[in-house]
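# Geometric and topological summary
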Amino acid sequence: MPAPSLPELREQVWRANQALVRSGLVTLSFGNASGVDREAGVLLIKPSGVPYDQLRPEQLVAVSLTDGRVLEGDLRPSSDTPTHLLLYQRYPEIGGVVHTHSTAATAWAQAGRSIPPLGTTHADHFHGAVPVTRQLLESEVSGEYERETGAVIIETLERLGLSATEMPGALVASHGPFTWGRDAQAAADNAVALELVAAMATQTFALNPEAEPIAGYLAERHFRRKHGPDAYYGQSPKPRSSDVGRGLK
Ligand SMILES: [Zn+2]
């Protein structure tokens, strides 16, 4: 059976990939955005190694959400596809995943440090410190490396008791950020937010190495006005069939 071509999802995932370039988060062919149609059981992702300025919507590769098999497309899917796949399988509420090597967030990943919530910009998007994973073991890197990268992200969120809704991103140690969201665009927005709060945190600690995290009551107010049942920030969105992860940005 041929895979459905999913024109709307294709357009959306293509736009999310372009948004990463426009926002300055990717250089060369680093990074990738994906999105899923859970009813169709399909993940659409950037092809491996194709420069963003040459990427066309029809080149996105359709992969089975069940087993990662290529369903449609002549190009190889991004080498990070198994990482995306594992995140989608573990978190049914997410519809988009983004990976970049954006400078400030990657610097925190390379430093092996979680990004503490220092102000309301952070609290608007992330519920608490954006966590950094442990280092992958040699056996994990020499094995199914990209799948292990997804596994260590999940392990990190679970160890900290964080849901994918509360924490739409993580830093993979010595590597870089992964973010996710309701759909590919939301995942890309979270990648932009993560880069911004990483850069702000770096500058904050440069000015004051003793800077303290934001007060809990202020952080809660900011997170809850944008997320969850009592959210009131912005305009009421039109109901969408893809809104499986209510409360996800
Ligand atoms: Zn990478």
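Scope of this entry: the structure provided in the associated data block. (Residues numbered from 1 in each chain as written. Predicted model: local features only at pLDDT ≥ 70, side-chain atom pairs only at ≥ 80, totals over all residues. Heavy atoms only, no water.)

Attention shifts here to the overall build of the chain. Check the secondary structure of the chain and you find eight helices and seven strands. For 249 residues, the compact-globule formula gives about 18 Å, and the C-alpha radius of gyration of the chain, at 17 Å, lands near that figure. Considered along the principal axes of its C-alpha atoms, the chain spans approximately 60 × 45 × 35 Å. Here the chain holds 249 residues, and the buried ones make up 48% of them. Residue pairs at least 24 apart in sequence account for 66% of intrachain contacts in the chain once pairs closer than 6 positions are excluded. Of the roughly 12300 Å² that the chain leaves accessible, carbon and sulfur atoms contribute 52%. For the chain, the centre of its 22 positive side-chain charges and the centre of its 28 negative side-chain charges are spaced 5 Å apart. (Helix = DSSP H or I, 4+ residues; strand = E, 2+ residues; numbered from the N terminus. Rg over C-alpha atoms; globule rule 2.2 N^0.38 Å. Buried < 20%, exposed > 50% of the residue type's maximum accessible area, 1.4 Å probe, protein only. Contact = heavy atoms within 4.5 Å. Areas by Shrake-Rupley, 256 points an atom, 1.4 Å probe, with all protein chains shown as cover. Lys, Arg positive; Asp, Glu negative; His and termini not counted. Charge placed at Lys NZ, Arg CZ, Asp CG, Glu CD.)

In this structure, His99 (NE2), His101 (NE2) and His175 (NE2) serve as the protein donors to the zinc ion, at separations of 2.1 Å. For the zinc ion, the single-chain donor residues occur in sequence as H-x1-H-x73-H. According to the relative accessible area criterion, His99 is buried, its value standing at 1%. (Donors = N, O, S within 2.8 Å, 3.2 Å for Na, K, Ca; no water.)

Turning to its location among the elements, His99 is positioned in strand β5 (residues 96–99). A polar atom in the side chain of His99 sits 3.2 Å from the side chain of His101. Only 2.8 Å separates the side chain of His99 from the backbone oxygen of Pro177, close enough to count as a polar contact. Non-local contacts of His99, meaning those with residues more than four positions away in its chain, are made with Gly31, Asn32, Asp80, His84, His175, Gly176, Pro177 and Phe178. (Polar contact = N/O pair within 3.5 Å; in protein donor to acceptor, adjacent residues only side chain to side chain.)

Before going further, it helps to examine helix α2 (residues 81–90). Burial analysis of α2 places seven of its ten residues in the buried class, the great majority of the element. For α2, the elements touching its buried residues are β1 (32–37), β2 (42–45), β3 (61–64), β5, α6 (145–159) and β7 (176–181).

What describes two packed helices is the angle between their axes and the distance between those same axes. Viewed as axis vectors pointing N to C, helix α1 (residues 7–22) and helix α7 (residues 184–207) meet at an angle of 10°, and their least axial separation amounts to 8 Å. When the axis of α1 is compared with that of α7, the two are roughly parallel. At the point where α1 passes α7, the crossing takes the right-handed sense. Seen from α1, the contacting residues are Gln12, Val13, Arg15, Ala16, Ala19 and Leu20; seen from α7, they are Ala184, Gln185, Ala188 and Ala191. A per-class count over the contact of α1 with α7 returns seven nonpolar, two polar and one charged. (Axes fitted to C-alpha atoms, helices over the stretch in contact; angles between N-to-C directions. Parallel < 35°, antiparallel > 145°, perpendicular 65-115°, else oblique. Left-handed = near helix turned anticlockwise from the far one by under 90°. Nonpolar A, V, L, I, M, F, W, Y, C, P; charged D, E, K, R; others polar.)

Okay, the environment of Tyr52 next. Checked against the element boundaries, Tyr52 lands in the loop between β2 and β3. The residues contacting Tyr52, other than those within four sequence positions of it, are Asn17, Gln18, Leu20, Val21, Val26, Leu28, Ser29, Phe30, Gly31, Asn32 and Lys46.

This brings us to the nonpolar core. Buried together is how nonpolar side chains tend to be arranged in soluble globular proteins. Counting residues in hydrophobic clusters, the biggest one holds 40 residues, and the most contacted among them are Leu43, Leu87, Ile94, Ile115, Leu171, Trp180 and Leu194. At the level of secondary structure, the elements contributing two or more residues to this core comprise β2, β3, α2, α3 (103–111), α6, β6 (169–172), β7 and α7. Ranked by the residues each element gives to this core, the list is headed by α7, at six residues. Judged by nonpolar contacts, the second largest core, of 20 residues, contains Val13, Leu25, Val42 and Val98. (Core = buried A, V, L, I, M, F, W, Y, C linked by side-chain atoms within 4.5 Å.)

What follows concerns the side chain of Gln59. Within the secondary structure, Gln59 sits in the loop between β2 and β3. Apart from the residues lying within four places of it in its own chain, the contact partners of Gln59 are Arg10, Pro47, Val50, Gln54 and Leu75.

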